[in-house]
Amino acid sequence: MSDEAISESNEARDLVGEYQFGFHDEDKSVIRFNNGLSEQIVRDISAIKNEPEWMTDIRVKAYHHFVEREMPKWGSPEILNNIDFEAITYFLRSTDATKDDWKDVPEDIQNTFDKVGLREAEGTWLGGITAQYDSEAVYHSIREDLESQGVIFLDMDSGLREHPELVKKYFGKVVPHSDNKFAALNTAVWSGGSFVYIPKGVHVEMPIQAYFRINAENMGQFERTLILADEGSSVHYIEGCTAPSYSSTALHSAVVELIAMDGAKIRYSTIQNWSNNVLNLVTKRAHAMKNSTVEWIDSNIGSGLTMKYPAILLKGEGSHAEVVSVAYAGKGQHQDTGAKVHHLAANTTSNIISKSISKDGGRSTYRGMLQVMPKAHNCRSKIVCDALMLDSDSRSDTYPTMEIGNSSADLEHEASVSKVSGDQLFYLMSRGFSEQEAMGLIVNGFFEPFTRELPADYAVEMNKLLNIKMEGSIG
Amino acid sequence: MSEEILKISNIHVSVEDTEIIKGLSLTINKGEVHAIMGRNGSGKSTLANVLMGHPSYQITSGEITYYGQPLEQLEVYERARAGMFLSFQYPSVLPGVKVGTFLKKSIEAVRGEPVKQKDFRNQLKAAMTLLDMDRSFLSRYVNDGFSGGEKKRLEILQLVLLQPSLAILDETDSGLDIDALKIVSKGINQVVPHAGCIVITHYQRLLEHVKADYVHVMIDGKVVKSGGPDLAHKLEEQGYDWLEANA
Ligand SMILES: Nc1ncnc2c1ncn2[C@@H]1O[C@H](COP(=O)(O)OP(=O)(O)OP(=O)(O)O)[C@@H](O)[C@H]1O
Ligand SMILES: [Mg+2]
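From a predicted model like this one, the values you see are computed outputs, not experimental measurements.

### Considering the packing of helix α11 (residues 422-429) of chain A against helix α12 (residues 435-446) of chain A
Residue and element names in this part refer to chain A. Their axes nearest at 9 Å, the elements α11 and α12 cross at an angle of 115 degrees. Seen from above, α11 lies across α12 with right-handed handedness. On the side of α11, the interface is formed by Gln-424, Leu-425, Leu-428 and Met-429, while α12 contributes Glu-435, Ala-438, Met-439, Leu-441 and Ile-442. The class makeup of the residues in the contact of α11 with α12 is 7 nonpolar, 1 polar and 1 charged.

### Quick notes on the sheet that holds strand β5 (residues 69-70) of chain B
All names here are of chain B. Spatially, 4 strands are ordered β2-β1-β4-β5 in an open sheet, and the strand pairing comes out antiparallel. Looking at which strands have only one partner, the edges of the open sheet turn out to be β2 (18-29) and β5. Sheet analysis places strand β4 (residues 57-66) next to β5, joined by 2 bridges and oriented antiparallel. If you follow Tyr-66 over to β5, its bridge partner there is Gln-69.

### Digging into the coordination of the magnesium ion (ligand 2)
Octahedral six-donor coordination of a metal ideally yields angles of 90 or 180 degrees, compared with 109.5 degrees for tetrahedral four-donor coordination. Residues and elements named next belong to chain B. Distances from the magnesium ion (ligand 2) to its protein donors, Ser-45 (OG) and Gln-89 (OE1), fall at 2.0 to 2.2 Å. Highlighted residues: Ser-45 in helix α1 (residues 44-52) and Gln-89 in the loop between β6 (84-87) and β7 (94-98), separated in sequence by 44 residues. A residue is classified by how much of its surface remains accessible, and Gln-89, at 18% relative accessible area, is buried.

### Looking at a nonpolar patch on the surface
Residues and elements named next belong to chain A. Together, Met-402, Ile-404 and Leu-411 line one region of the surface with nonpolar side chains, adding up to about 210 Å² of accessible area. As for its placement among the helices and strands, Leu-411 is situated in strand β24 (residues 410-419). Residue class for Leu-411 comes out partly exposed when judged on its relative accessible area of 32%.

### Concerning the side chain of His34(B)
All names here are of chain B. The residue His-34 is located in strand β3 (residues 33-38) in this model. The class of His-34 is buried, set by a relative accessible area of 2%. Side-chain polar atoms of His-34 contact the side chain of Glu-32, separated by 2.8 Å. A distance of 2.9 Å separates a polar atom in the side chain of His-34 from a polar atom in the side chain of His-216. Those residues in contact with His-34 that lie beyond four places of it in its chain are Leu-26, Thr-27, Ile-28, Cys-197, Ile-198, Val-199, Tyr-214 and His-216.

### Topic: the interface of chain B and chain A
Contacts between the two partners involve 33 residues from chain B, matched on the other side by 17 residues from chain A. Of the roughly 1,900 Å² buried where chain B meets chain A, counting both sides, 64% is carbon and sulfur surface. It is Tyr77(B), Phe88(B) and Ser92(B) in chain B that bury the most area against chain A; as a group they hold 22% of the surface buried on that side. Summed over the shared surface of chain B and chain A, the number is 3 salt bridges. The residue Lys98(B) makes a salt bridge to Glu448(A) at a minimum N-O spacing of 3.5 Å. Viewed at the interface, chain A and chain B are joined by 12 residue pairs in polar contact (both at pLDDT 80 or more). At the level of secondary structure, the elements contributing two or more residues to the side of chain B that touches chain A comprise α1, α2 (76-81), β6, β7, α3 (99-111), β8 (141-142) and α5 (148-162) of chain B. A breakdown of the residues in the side of chain B that touches chain A according to their chemical character gives 19 nonpolar, 9 polar and 5 charged.

### Quick notes on the site of ligand 1
All names here are of chain B. Residues in contact with ligand 1 amount to 14 residues; listed here are only the nearest, Gly-41, Lys-44, Ser-45, Thr-46 and Tyr-57. Ser-45 is positioned with one of its side-chain polar atoms (N or O) 2.8 Å from an oxygen atom of ligand 1. Measuring from an oxygen atom of ligand 1, one finds a side-chain N or O atom of Gln-89 at 3.0 Å. Tallying contributions element by element places α1 first for the shell around ligand 1, with 3 residues. Looking at the shell around ligand 1 residue by residue, the classes come out as 3 nonpolar, 8 polar and 3 charged.

### Re unusual backbone geometry
With a phi angle near 55 degrees, Asn378(A) is a residue other than glycine that sits in the positive phi range. Along the polypeptide, Asn378(A) turns up in the loop between β21 (363-372) and β22 (380-389). In the Ramachandran plot, Asn10(B) falls in the positive-phi region, its phi being about 50 degrees despite a non-glycine side chain. Relative to the helices and strands, Asn10(B) is located in strand β1 (residues 4-15).

### Focus: the side chain of Gln204(B)
Within the secondary structure, Gln204(B) sits in the loop between β10 (196-200) and β11 (214-219). Contacts of Gln204(B), omitting those with residues within four sequence positions, involve Met37(B), Ala232(B), His233(B) and Glu236(B).

### A few points about the sheet that holds strand β18 (residues 320-329) of chain A
Residues and elements named next belong to chain A. Reading across the sheet, the 10 strands line up as β4-β3-β7-β10-β13-β15-β18-β20-β22-β24 and stay open at both edges, with mixed pairing between neighbours. Bordering the open sheet on either side are β4 (136-142) and β24, each of which pairs with just one other strand. Each strand of the sheet is rotated relative to its neighbour by a mean of 5 degrees, with strand direction disregarded. Two strands pair when backbone bridges link them, and strand β7 (residues 208-213) and strand β10 (residues 234-242) are joined in this way by 6 bridges, in the parallel orientation. Looking across to β10, one finds that Tyr-211 is bridged to Gly-240.

### Some points on the domain arrangement of chain A
Residue and element names in this part refer to chain A. Considered domain by domain, chain A is made up of domain 1 (3-308) and domain 2 (424-475). Each partner contributes to the interface: domain 1 provides 19 residues, whereas domain 2 provides 14 residues. Each partner contributes to the roughly 1,400 Å² buried at the junction of domain 1 and domain 2, and carbon and sulfur atoms together form 69% of this total. On the surface where domain 1 and domain 2 come into contact, there are 4 residue pairs in polar contact (both at pLDDT 80 or more). At the level of secondary structure, the elements contributing two or more residues to the side of domain 1 that touches domain 2 comprise α6 (118-125), β10, β13 (265-272) and β15 (293-300). In terms of residue count, β13 provides more of the side of domain 1 that touches domain 2 than any other element does, 4 residues in total.

Scoring rules and cut-offs
- Throughout, a residue's number is its position along its own chain's written sequence, starting from 1.
- All chains are assigned letters beginning with A, and all ligands numbers beginning with 1, in the order in which they are written.
- For this predicted model, a pLDDT threshold of at least 70 governs which residues receive local features, and a threshold of 80 or more governs which side-chain atom pairs are given and counted, while totals over whole chains, interfaces and linings are taken from all residues.
- Values reported for side chains reflect all heavy atoms of the structure, with hydrogen atoms and water molecules removed beforehand.
- To get an axis, a line is fitted to the C-alpha atoms, and for a helix only the part in contact is used. The angle between two axes follows their N-to-C directions and goes from 0 to 180 degrees.
- Strands are runs of DSSP state E lasting at least 2 residues, helices are runs of H or I lasting at least 4, and numbering of each runs from the N terminus.
- Two helices cross in a left-handed way if the nearer one is turned anticlockwise from the farther one by less than a right angle. They cross in a right-handed way if the turn is clockwise.
- Contacts are residue-level and defined by heavy atoms, with any inter-residue pair within 4.5 Å sufficient.
- Three residue categories are used. Nonpolar comprises Ala, Val, Leu, Ile, Met, Phe, Trp, Tyr, Cys and Pro, charged comprises Asp, Glu, Lys and Arg, and polar comprises the others, including Gly.
- Pairing between strands is defined by DSSP: at least two bridges between them are needed.
- A donor here means an N, O or S atom no more than 2.8 Å from the metal, or no more than 3.2 Å when the metal is Na, K or Ca. Since water is not included, a site may seem to lack partners.
- Only protein chains enter the accessibility calculation, which uses a 1.4 Å probe; a residue is then buried when its area is under 20% of its type maximum, exposed when over 50%, and partly exposed in between.
- Each patch groups residues whose relative accessible area exceeds 30% and which form no salt bridge, using 9 Å between like charges and 5 Å between nonpolar side chains of Val, Leu, Ile, Met, Phe, Trp and Tyr.
- Using a 1.4 Å probe, the Shrake-Rupley method yields the accessible areas, and only the shown protein chains count as cover for residues.
- Salt bridge, as used here: a side-chain nitrogen of Lys or Arg that lies within 4 Å of a carboxyl oxygen of Asp or Glu.
- We call two N or O atoms a polar contact when they sit within 3.5 Å, provided that within protein one can donate a hydrogen and the other can accept it, with sequence-adjacent residues counted only if both atoms are side-chain atoms.
- Buried area is calculated as the accessible area (1.4 Å probe) missing from two parts once they are joined, with the contributions of both summed.
- We call a residue near a molecule or strand when any one of its heavy atoms sits within 4 Å of it.
- Segmentation of the chain into domains, including their bounds, is taken from an automatic or database domain assignment.

Now the structure itself:
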């Protein structure tokens with residue numbers, strides 16, 4: 001190889017790193033809007049989807065709020081203030097319709113979902129899946145037994161078409177467009193995402209999954225998800241995501257709203273593995289009614305910058321919040337994540353476990369909020385924040401905030417920052433593991449409180465993913 | 001003559017410019033058990049760590065060969081893969097790493113090939129029965145919350161599973177109750193015929209269960225006396241003072 005060729009391939013490697021999902025398909029979109037954002041683009045998105053007027057109005061209102069709203073001042077203002085919103089594609093339709101048979105999905109898209117492992121999982125242990133490719137779902141399936149019990153699992157566009165009354169009632173009620181600049185952006189240009197309704201008393205035993213794949217360069221993906229678990233029901237929803245590695249920025253800005261009615265249980269698991277050129281700015285929030293449980297099982301392994309703080313409002317007495325989150329910040333990554341729990345009712349409980357790893361100059365930040373309202377008596381909360389630094393170039397910060405409005409609350413808060421010890425490495429190496437394998441085991445172990453909450457196959461995948469991330473720069 | 005496994009020739013070892021081992025030689029053949037005794041701080045664990053390749057220790061002179069090959073160039077994990085095993089005086093805690101997973105991966109790492117789940121299960125079952133260990137250990141995290149004796153038992157479980165050619169046991173008997181000592185000795189004795197063994201201990205009573213061919217006494221980084229099992233008895237009765245003069 002010539003010197004230039006070598007340096008070029010090194011550059012490509014630097015860009016892609018150890019990321020194995022950085023490939024892309026040729027852009028064969030059916031419709032792709034010009035880059036840039038305006039009220040007209042917002043109206044065009046609504047028009048192309050034949051939406052009811054009330055939705056168009058919500059979008060336009062949100063758009064104006066977005067324009068006026070200032071950028072968040074936390075996280076990474078340098079990156080946020082440099083986002084060129086005119087360089088982003090806000091809508092791209094890849095296929096003419098969502099299919100329910102993979103045979104009808106273009107072959108390269110089929111292959112992509114094969115490579116990311118979705119199709120295998122579909123066949124074995126999922127109750128239903130939605131595969132979104134850029135702006136819209138290209139494939140969707142749900143097991144018949146779920147459908148016959150009245151479970152609704154659709155992409156959000158279909159949800160709006162088929163269940164406008166439910167969507168109208170709940171859309172934006174948990175995360176209003178005025179929540180923050182990116183919630184406003186999402187509300188203005190949302191496309192795709194999931195709409196889920198679990199009827200009273202129905203327990204969905206197999207998880208349902210949505211997969212979000214960005215393919216085109218400069219893409220903005222703005223999926224919108226609404227999950228309603230009616231009284232006494234339960235569901236486990238899993239989302240995964242990956243994107244090609246490009247040198248230019250892609251934007252992923254989702255809004256997820258969950259409502260767990262009395263006695264319901266929602267578990268929402270995320271395996272976020274975007275390429276490093278993706279900015280991941282997501283608002284996730286849940287309302288938990290009486291005696292219900294909401295669990296965010298959240299991992300952030302990829303993206304250049306993630307700002308995401310899954311929230312739970314414990315509105316009903318006896319409700320429970322669980323947030324288990326892990327973040328991995330490698331070279332060129334900043335994971336600014338956390339959890340927010342608001343105890344609004346009495347006898348509510350919450351449990352927050354946050355684990356982060358920083359390596360090769362990566363930066364991880366925990367930003368947490370725990371609030372107990374004056375009338376929320378006898379609440380219990382436990383927060384554990386652990387950071388593991390794999391080298392001294394990396395950085396980890398913790399910003400916990402607590403507002404405790406009464407003295408009956410029982411609170412525990414533990415935080416630790418640790419380094420991998422030489423003794424641990426020596427012990428593992430004396431058992432035949434190379435330094436890299438040893439690090440991999442330590443990292444997998446550190447994230448175990450997260451992976452044990454995942455279905456077995458995904459836990460295995462997660463560990464593999466982490467090991468791949470660990471490859472390269474050691475030694 | 002039986003096969004030579006390890007030969008240590010007059011090594012000097014330093015940590016950060018402090019010399020700890022000051023000229024030590026030892027040859028170990030297959031099937032032999034060498035007990036090493038000596039006061040706290042005399043350099044026994046240092047010797048064990050140096051043999052396994054701990055990066056903090058520098059061999060400033062002398063040589064160690066393993067099956068006739070110099071050890072120096074081998075990384076820690078390469079030594080393990082070549083059949084060396086160290087049972088730690090203070091085994092590390094590995095939070096989140098399950099014992100079962102760890103054992104299987106370790107066997108695979110040492111053997112350099114995947115192990116069939118069924119074969120692994122059978123070997124594990126046999127070894128755990130031998131060592132009277134409860135299956136519930138497998139789903140616990142390595143050494144996390146283990147009692148001192150449990151940690152030692154897990155070390156010996158690894159010894160039995162990995163079937164090394166050279167076993168270095170650093171105070172594996174410390175902290176064991178009388179029954180546990182017998183059980184752990186069974187594990188050691190299973191490995192002895194196929195390996196060279198270095199058994200570091202403070203107590204003669206281990207040698208009632210594990211037959212030592214040689215007993216070496218270390219004082220201040222040197223072997224000052226070598227003998228048979230009788231020497232261990234004498235040390236137990238008289239302590240180390242009578243040897244100081246020779247040192
Ligand atoms: N990494 C190190 N840094 C500094 N000093 C060390 C280090 N390792 C060992 N030493 C010193 O070397 C000496 C020998 O220690 P070593 O652990 O080998 O003793 P030992 O014979 O195993 O003792 P014990 O019977 O208490 O286990 C001690 O004085 C110890 O403090
Ligand atoms: Mg010692």
